[in-house]
Amino acid sequence: MNTAAAAIRIDEGSPGSVRVSGELTFGTAAAALKAIDAAVARDGRSELDLAGVTRSDSAGLACVLAVLAQSAERGRKLNVRHMPEGMHLLASVCEVEGLMA
C-alpha cells in the first residue's frame, strides 16, 4: 500500500454512509477521490461523514467537491456531515459552502 492510501481510511460499515478518516491533503487527495467515489457509488450511499478527517487542505476540499459532483451526475444527493472546521472555513473563503449543503 502506498503512503497516500495509508494516510486516508474509508469505512463503509454504516448503512448509507461512507466515513472518511485520516489526512485529506495534496498528498492523499488523488487516491482518496478514487476510493471515496467508489465507496459512495456502491449501494446508493447518501452520506459522506468527515468526522475522522484529522487534517485537510484545498486539495481535500476539491476532493470532496468532486465526489459531490460525481454523485450528482449519477442522480444522487450526497450529504456531507461533520466537516472539519478548517475545511469549512476554506469552503467559506472560496465561496463554495453552498455546494456542500
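Here, every reference points to the structure presented above.
Heads up: these notes are all about the structure in this document. (Residues numbered from 1 in each chain as written. Predicted model: local features only at pLDDT ≥ 70, side-chain atom pairs only at ≥ 80, totals over all residues. Heavy atoms only, no water.)

## Observations regarding the overall build of the protein chain
(1) Moving on: Per the secondary structure count, the protein chain includes 5 helices and 4 strands.
(2) Moving on: Listing every helix and strand of the protein chain by position from the N terminus yields α-β-β-α-β-α-β-α-α.
(3) Moving on: Taking 13 Å as the expected radius of gyration for a compact globule of 101 residues, we find that the protein chain reaches 12 Å, a close match to that expectation.
(4) Moving on: Taken along its principal axes, the extent of the C-alpha atoms in the protein chain is 35 × 30 × 20 Å.
(5) Moving on: Looking at the protein chain alone, contacts between residues at least 24 apart form 72% of all its contacts between residues at least 6 apart.
(6) Moving on: Surface exposure of the protein chain reaches about 5,400 Å², of which carbon and sulfur atoms provide 54%.
(7) Moving on: Within the protein chain, one finds 10 positive and 12 negative side-chain charges whose respective centroids are separated by 6 Å. (Helix = DSSP H or I, 4+ residues; strand = E, 2+ residues; numbered from the N terminus. Rg over C-alpha atoms; globule rule 2.2 N^0.38 Å. Contact = heavy atoms within 4.5 Å. Areas by Shrake-Rupley, 256 points an atom, 1.4 Å probe, with all protein chains shown as cover. Lys, Arg positive; Asp, Glu negative; His and termini not counted. Charge placed at Lys NZ, Arg CZ, Asp CG, Glu CD.)

## So, the packing of helix α2 (residues 29-41) against helix α3 (residues 58-73)
When two helices pack together, you describe them by how their axes are tilted relative to each other and by the distance separating the axes.
(1) Moving on: Here α2 crosses α3 at 30°, and the two axes come no closer than 9 Å. Here α2 is positioned roughly parallel relative to α3, judged by the angle of their axes. Considering how the two elements wind past one another, α2 and α3 form a crossing that is right-handed. Between α2 and α3, the residues in contact are Ala29, Ala32, Leu33, Ile36, Asp37 and Val40 and Ala59, Cys63, Ala66, Val67, Gln70 and Ser71, respectively. (Axes fitted to C-alpha atoms, helices over the stretch in contact; angles between N-to-C directions. Parallel < 35°, antiparallel > 145°, perpendicular 65-115°, else oblique. Left-handed = near helix turned anticlockwise from the far one by under 90°.)

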